[in-house]
There are 2 protein chains.
Amino acid sequence: MKKYTIKDIAEQAGVSKGTVDRVIHKRGKVSQKALEKVTKILEEIDYKPNPIAQSLKNNKVYLICVVLPDPKEDNFWIPCVDGVNQAIEEFRSFLVDIKLFFYGPSSTQSFKEVNEQILKLTPDAVLLSPLFQKESINAIKSFRSAGIVVSTFNSQIDLEQAVSFVGQDLYQSGRVAAKLMHTIVPDHHDIVICHFSESLSNAIHMQQKEKGFRDYFNGLKGADHTILTLSVDQADPDQSLVNFLESNNKALAFFVTTSKSYNLVEILQGLNRKNTKVIGYDLLDRNNDLLRKDKISFLIHQSPKTQTYIGLTYLIEHFLFNKEIPSKKLLPIGIVNSENLITYLEN
Amino acid sequence: MKKYTIKDIAEQAGVSKGTVDRVIHKRGKVSQKALEKVTKILEEIDYKPNPIAQSLKNNKVYLICVVLPDPKEDNFWIPCVDGVNQAIEEFRSFLVDIKLFFYGPSSTQSFKEVNEQILKLTPDAVLLSPLFQKESINAIKSFRSAGIVVSTFNSQIDLEQAVSFVGQDLYQSGRVAAKLMHTIVPDHHDIVICHFSESLSNAIHMQQKEKGFRDYFNGLKGADHTILTLSVDQADPDQSLVNFLESNNKALAFFVTTSKSYNLVEILQGLNRKNTKVIGYDLLDRNNDLLRKDKISFLIHQSPKTQTYIGLTYLIEHFLFNKEIPSKKLLPIGIVNSENLITYLEN
DNA sequence: TTGAAAGCGCTAACAC
DNA sequence: GTGTTAGCGCTTTCAA
């Protein structure tokens with residue numbers, strides 16, 4: 001298992017290392033004869049340059065900026081920060097510098113400002129969650145024209161704009177929830193899809209999930225479910241829920257499209273409504289407690305921590321070792337109940 | 001964001017790079033005075049050597065051998081081979097050489113032979129699935145005394161023998177299955193735990209899963225389930241199943257502790273038994289088909305591909321970049337239904 | 001006990 | 001067009 005070096009190839013071809021390097025990187029200034037000779041050898045041995053040596057030569061500290069909504073305002077994002085920190089820790093001794101930036105989850109203005117601030121730093125790459133469609137496309141454009149590599153996570157925006165996306169298939173995620181609901185709820189049952197939209201930016205997410213959910217039930221043969229959609233009023237979610245529930249006392253099965261299932265469950269408990277089935281998203285502490293107590297049947301895990309962690313490792317390994325960045329990575333849709341919860345929390 | 005090099009430190013301390021290196025690696029032959037000076041600086045800047053430069057210097061091809069049961073004899077292991085191949089592909093250009101070895105899943109003799117063969121190659125590390133308790137401990141001992149790093153996956157053996165284990169908590173996995181069963185099966189129901197033990201080596205696995213499963217139900221307050229255990233006769237599994245089912249026609253809910261759920265389902269279909277609920281393991285093609293057709297309610301995913309892939313990356317990054325090898329990595333227990341199946345298959 | 005120097009594989013500047 | 005050379009950060013040998 002001999003690994004060939006550029007020196008071996010140079011000797012074999014009877015040229016110098018410099019010439020071999022020129023051939024490898026197609027930098028021209030090589031005679032036809034030398035080119036052919038070297039190319040032939042390269043192909044024969046399927047030469048791959050040692051990425052470690054390449055990286056050492058290129059001793060530059062890569063700057064990567066991560067942009068996401070402030071986890072203090074929406075704790076869905078807390079694990080994303082954990083993922084970033086894990087990457088920082090893991091690559092501490094390498095030549096990478098990772099900086100975190102937060103914006104207000106409902107302020108396009110703060111999103112803009114943060115991006116302008118980052119642009120001034122001219123980082124090598126930006127990893128961002130493009131909550132706001134239009135503003136994100138603008139931001140990505142200006143990053144790219146400054147030669148900055150842009151990767152995205154969590155929110156998929158229709159684009160050839162970004163190099164890479166790490167996240168989940170939200171339509172499929174709605175189908176998963178529907179299938180679970182179908183397994184735990186008898187036929188002839190009313191099912192309620194609840195949208196808690198703390199920031200309008202989630203609208204697309206919620207729609208895709210709803211579509212998947214409804215499509216699943218529409219596709220059933222002898223199906224007979226009434227599916228309602230409830231968009232919880234942001235101004236006063238609790239009252240909005242109470243009103244709905246009091247006028248729909250047959251509603252016992254709920255699919256919450258955001259991480260707010262705890263909010264719904266607390267209201268249900270307040271109204272003393274029994275035998276409800278709730279399926280929601282995200283392993284927040286308050287959700288986890290209710291899952292353990294069987295007040296929530298299933299949570300769907302969107303792997304927020306993994307999303308940022310993987311997004312970052314793609315970038316880092318690209319810079320350090322010339323690895324290709326996958327253009328799209330859709331993570332598995334995790335189904336979580338009270339018993340496998342712990343195995344997700346420990347990872 | 002300046003990264004310090006040993007040259008910087010040497011200059012700061014007024015000594016040579018050699019001396020700094022001696023301090024860092026505690027190789028002695030350093031005067032008290034120099035030692036203190038350098039140590040102080042190292043601590044102040046929290047110096048971490050550049051692992052890329054270290055690795056480049058150490059230009060050695062690391063040999064890692066992977067030992068697992070022949071996937072032709074038990075296709076549970078096919079994805080494990082995929083995981084190995086993924087790691088090979090990903091680290092193709094680095095100085096690592098990964099070799100695969102198979103043994104007969106029910107032949108301790110072939111396990112022994114393979115290990116002897118590997119011992120002769122004196123690899124740097126071995127990653128193995130220690131199916132056979134006793135023989136594995138012996139093998140690991142001889143590897144370790146030859147200075148070979150040993151990591152394990154899939155089967156946990158009670159040991160400080162191996163450096164690392166990647167796998168799942170099987171007891172918890174049984175609990176997950178039980179919880180799922182509990183959600184989909186009415187009370188007052190007979191539940192059957194089915195052990196298909198194609199090789200005796202699985203015995204411990206199955207026991208742990210059974211224990212978790214039973215413990216879950218025993219822990220319920222107003223529970224009222226009859227749980228039977230069926231150990232399917234290896235000599236003639238089909239007949240053995242038919243006999244059992246004909247004398248237990250109340251049995252409609254089944255937990256299959258191995259990847260053979262398809263086998264049970266086919267028999268159930270042959271007997272034309274309806275309304276059965278089956279929970280099993282592993283995303284084999286035959287299981288997946290039945291999951292899609294709703295003949296299996298849930299499959300539990302043990303992430304075999306990830307197990308070998310992670311096991312290998314731990315070893316490789318340890319050798320190449322001095323990363324620490326986690327002594328135990330328990331992967332999330334995946335709950336799979338017809339809708340999130342595809343998201344697992346694509347990963 | 002210490003410093004100087006060579007070299008790992010690769011790149012890029014420079015001289016011819 | 002081509003070869004030579006210096007140097008990335010670190011380790012290790014050798015001479016002092």
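What you see is a predicted model; the values in this text were computed from it and never measured.

Engineer: Would you mind showing me how to read the packing of helix 1 (residues 6-13) of chain B against helix 2 (residues 17-24) of chain B here?
Structural biologist: The axes of two packed helices give the description: the angle between them and the distance between them. Residues and elements named next belong to chain B. In contact at an axis separation of 8 Å, helix 1 and helix 2 are set at 105 degrees when each is read in the N-to-C sense. As judged from the angle between their axes, helix 1 and helix 2 are roughly perpendicular. Two secondary-structure elements touch here, helix 1 through Ile6, Lys7, Ile9 and Ala10 and helix 2 through Lys17, Val20 and Ile24. When its residues are assigned to classes, the contact of helix 1 with helix 2 shows five nonpolar, no polar and two charged.

Engineer: Mind showing me how you'd approach the interface of chain A and chain B here?
Structural biologist: By a frequent convention, interface size equals the accessible area lost on bringing the separate parts together. Tallying the contact residues gives 47 residues for chain A and 47 residues for chain B. Carbon and sulfur atoms make up 61% of the area that chain A and chain B hide from each other, which totals about 4,300 Å². Summed over the shared surface of chain A and chain B, the result is six salt bridges. Close ionic contact of Lys179 of chain B with Asp294 of chain A constitutes a salt bridge, the shortest N to O distance being 2.6 Å. If you look at where chain A meets chain B, you find 20 residue pairs in polar contact (both at pLDDT 80 or more).

Engineer: I would appreciate a short explanation of the sheet that holds strand 4 (residues 149-153) of chain A in the present structure.
Structural biologist: Sheet strands pair via backbone hydrogen bonds, and the direction of the pair is either parallel or antiparallel. Residue and element names in this part refer to chain A. What the six strands build is an open sheet, ordered 2-1-3-4-5-11; its pairing is parallel. The sheet is open, and its two borders are formed by strand 2 (96-103) and strand 11 (328-330), each paired with just one other strand. Ignoring strand direction, the axes of neighbouring strands in this sheet form an average angle of 15 degrees. Across three bridges, strand 5 (residues 164-167) lies against strand 11 in parallel orientation. Following the sheet pairing, Gly167 is matched in strand 11 by Leu330. Of the strands in this sheet, strand 1 (62-69), strand 2 and strand 4 touch helix 5 (residues 78-90), which is tilted by about 165 degrees from strand 2. Its contacts with the sheet put helix 7 (residues 133-145) on strand 3 (125-128) and strand 4, and the angle it makes with strand 4 is roughly 150 degrees.

Engineer: So what exactly am I meant to see when it comes to the UniProt feature "domain: HTH lacI-type" (unreviewed entry) in chain A here?
Structural biologist: With numbering matched to this structure, UniProt assigns "domain: HTH lacI-type" (unreviewed entry) to residues 4-58 of chain A. Its end C-alpha atoms 21 Å apart, residues 4-58 of chain A is made of 67% helix and 0% strand.

Engineer: Hey, could you run me through the relation of the copies chain A and chain B in this one?
Structural biologist: Both copies of the chain are related through a single rotation about an axis accompanied by a shift along the same axis. Overlaying chain A with chain B gives an RMSD of 0.1 Å, the required rotation being 180 degrees about an axis along which the chain moves by 0.0 Å. On the angle and the small slide along the axis, the relation comes out as a two-fold axis. The share of interface residues of chain A whose copies in chain B are also at the interface is 100%, consistent with both copies meeting through the same surface.

Engineer: Honestly, the protein's contact with DNA strand C in this entry has me stumped. Any pointers?
Structural biologist: Residues in close proximity to DNA strand C total 23 residues, the closest being Ile6, Asp21, Tyr47 and Gln54 of chain A together with Ser31 of chain B. Within 4 Å of the protein, atoms of DNA strand C come from sugar and phosphate in 66% of cases. Elements represented by at least two residues in the surface near DNA strand C include exactly helix 2 (17-24) and helix 4 (51-57) of chain A together with helix 2 and helix 4 (51-57) of chain B. Take the surface near DNA strand C: its biggest share by element is three residues, from helix 4 of chain A. Residues that form the surface near DNA strand C fall into these classes: eight nonpolar, eight polar and seven charged.

What counts and what doesn't
- Every chain begins its residue count from 1, and numbering advances along the sequence as written.
- Numbering of ligands from 1 and lettering of chains from A proceed in the order in which they are written.
- The model is predicted, so local features are restricted to residues of pLDDT at least 70 and side-chain atom pairs to those at 80 or more, both for listing and for counting; the totals for chains, interfaces and linings are taken over all residues.
- Side-chain measures here rest on the full set of heavy atoms in the structure, leaving out hydrogens and waters.
- Between N-to-C directions, angles cover 0 to 180 degrees, with each direction set by a line fitted to C-alpha atoms, over the stretch in contact for helices.
- Where helices and strands are cited, they refer to DSSP runs of H or I of at least four residues and of E of at least two residues respectively, numbered from the N terminus.
- An angle below 35 degrees is treated as roughly parallel, one above 145 as roughly antiparallel, one from 65 to 115 as roughly perpendicular, and anything else as oblique.
- We call two residues in contact whenever any of their non-hydrogen atoms come within 4.5 Å of each other.
- As a working rule, the residues Ala, Val, Leu, Ile, Met, Phe, Trp, Tyr, Cys and Pro are called nonpolar, Asp, Glu, Lys and Arg charged, and the rest polar, with Gly in that last group.
- Each of two parts loses accessible area, computed with a 1.4 Å probe, when they are put together; buried area is these two losses added.
- Any carboxyl oxygen of Asp or Glu within 4 Å of a side-chain nitrogen of Lys or Arg constitutes a salt bridge here.
- Think of a polar contact as two N or O atoms within 3.5 Å of one another; within protein, one of them needs to be a possible hydrogen donor and the other a possible acceptor, and neighboring residues in sequence only count if both atoms come from side chains.
- Only strands that DSSP links by at least two bridges are regarded as paired with each other.
- UniProt positions are given in the numbering used here, feature names are shortened, and annotations may be inferred rather than shown by experiment.
- Copy-to-copy superposition: least squares on the C-alpha atoms, limited to residues that have pLDDT of at least 70 in both copies.
- We call a residue near a molecule or strand whenever a single non-hydrogen atom of that residue lies within 4 Å of it.

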